[in-house]
Amino acid sequence: MKPILALISTLCLLSCSPEHKPFLALAPLQTEIVFKNVSVIPMDRDTILENQVVVAKNGVITAIADTGKVSYNSDALVIDATGKYLMPGLAEMHAHVPPVDDLAPMEEVLALFVLNGVTTIRGMLGHPRHLELRSKIRSGEITGPRFYTAGPPLDGDNIKTPAEAGAAVRAQKQAGYDFIKILMPGLSKACFDTMAVTAKEVEMSFAGHVPPQVGVWGAIEAGYATIDHMDGFIEGLVPGIEHLPTDDVGLFGMFVAEKADTAQIPKLVQALLDHHIAVVPTQSLAERWFAPDRSAEALAAEPEMKYVKPRDLKNWA
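(A) Structural context of the sheet that holds strand β11 (residues 179–182). Strand order across the open sheet formed by four strands is β11-β12-β13-β14, with parallel pairing between neighbours. Sheet topology places β11 and β14 (278–280) at the edges, where each strand pairs with a single neighbour. Geometrically, the sheet is characterised by an average inter-axis angle of 25 degrees between neighbouring strands, direction not taken into account. Relative to strand β13 (residues 226–228), strand β12 (residues 205–208) runs parallel, the two being bridged by two bridges. By the bridge assignment, Ala207 is partnered in β13 with Thr226. The strands that helix α5 (residues 189–201) touches are β11 and β12; relative to β12, the one it contacts most, it runs at about 135 degrees.

Following this line, the structure appears as structure tokens:
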């Protein structure tokens, strides 16, 4: 059974009614949806399947075949996708949904995801109202991608003792969050160790940044689900890093990268593989944050910035 596909094109804005609302918001999940004359990008091989009929019901693909070789119900929602392409939905593994008390800005962000074919997101900056948001997405009250959410981040500012670390993990598990997010400034080694032990006890994964006091090798041994931003990677390859002041290391090891022992990279990669730890590089963030050859004006002029509120764009610049 294949997960339902997302249409990456202006087809996302097609309507089944004069109001021109997105068709996915109008069709109940149990409605049979048929894409006719569509070119399918299967993503499991380097090819395009042209002139296909794709049938989905109850969120599951039931048929993919050449036009004329598959039947469907007469009351199905039929979309003529001539000249359009269909591909598996994309997943954003380091998403930020506004951590605020108002659902409206959250819905704005979710709309941008689904309209660009992102059908799964992992919220890495949790907030109590994200639990409500996740529930409303699941019920269909709010249109959005499948949403996995961390709880409010654990960091060195809000977690001062091991007891607080253990209590925070248990509270987030009881509240129903999907995983723990580790943020900077980093947890102390004692707090981190208690967090990791407690998370395993309550069967809750943890992910995100790597506290300097723990280091990437300690993070691997602790059993992160994912290490985001490749945090700690450079530092973990620099001999004598423990003797350098934090300010001399820089964010994500930017100031000491030339000192990294690249011969140790295979060992690091193998350790990640052996412990089944996924890496979320957030490359687009790095390209914009550490881009000395690109001005704020050039970044602000990129096409996608038309979706950013002028006030926010001014603040970014």
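(B) Seen up close, the packing of aromatic side chains. Per the stated rule, a full pass over the model turns up three aromatic pairs. Measuring from centroid to centroid gives 6.3 Å for Phe192 and Phe206, while their planes differ by 90 degrees, and the two rings are edge-to-face. On the criterion of sequence distance, the pair formed by Phe192 in helix α5 and Phe206 in strand β12 is long-range, its members being 14 residues apart. Overall, Phe192 belongs to the buried group, its relative accessible area being 1%. For Phe206, a relative accessible area of 2% corresponds to the buried category. Plain terms: the ring middles of Phe192 and Tyr224 are 6.0 Å apart, the flat faces sit at 20 degrees to each other, and that makes the pair stacked. One end of the pair, Phe192, is in helix α5; the other, Tyr224, is in the loop between α6 (215–222) and β13, and 32 residues separate them in sequence. By relative accessible area, Tyr224 is classed as buried at 2%. Here the aromatic residues Phe192, Phe206 and Tyr224 are joined through ring pairs into a cluster of three or more. Residue placement shows Arg122 over the ring face of Phe179; its charged tip is 5.2 Å from the ring centre. Across from the ring centre of Trp217, 5.3 Å away, lies the NZ or CZ of Lys267, which sits over that ring.

Each value, and the rule that gives it
Residues numbered from 1 in each chain as written. Predicted model: local features only at pLDDT ≥ 70, side-chain atom pairs only at ≥ 80, totals over all residues. Heavy atoms only, no water. Pairing = 2+ DSSP bridges. Helix = DSSP H or I, 4+ residues; strand = E, 2+ residues; numbered from the N terminus. Axes fitted to C-alpha atoms, helices over the stretch in contact; angles between N-to-C directions. Contact = heavy atoms within 4.5 Å. Phe/Tyr/Trp six-rings, centres within 6.5 Å; stacked < 30°, edge-to-face > 60°. Buried < 20%, exposed > 50% of the residue type's maximum accessible area, 1.4 Å probe, protein only. Lys NZ or Arg CZ within 6 Å of the ring centre and 35° of its normal.

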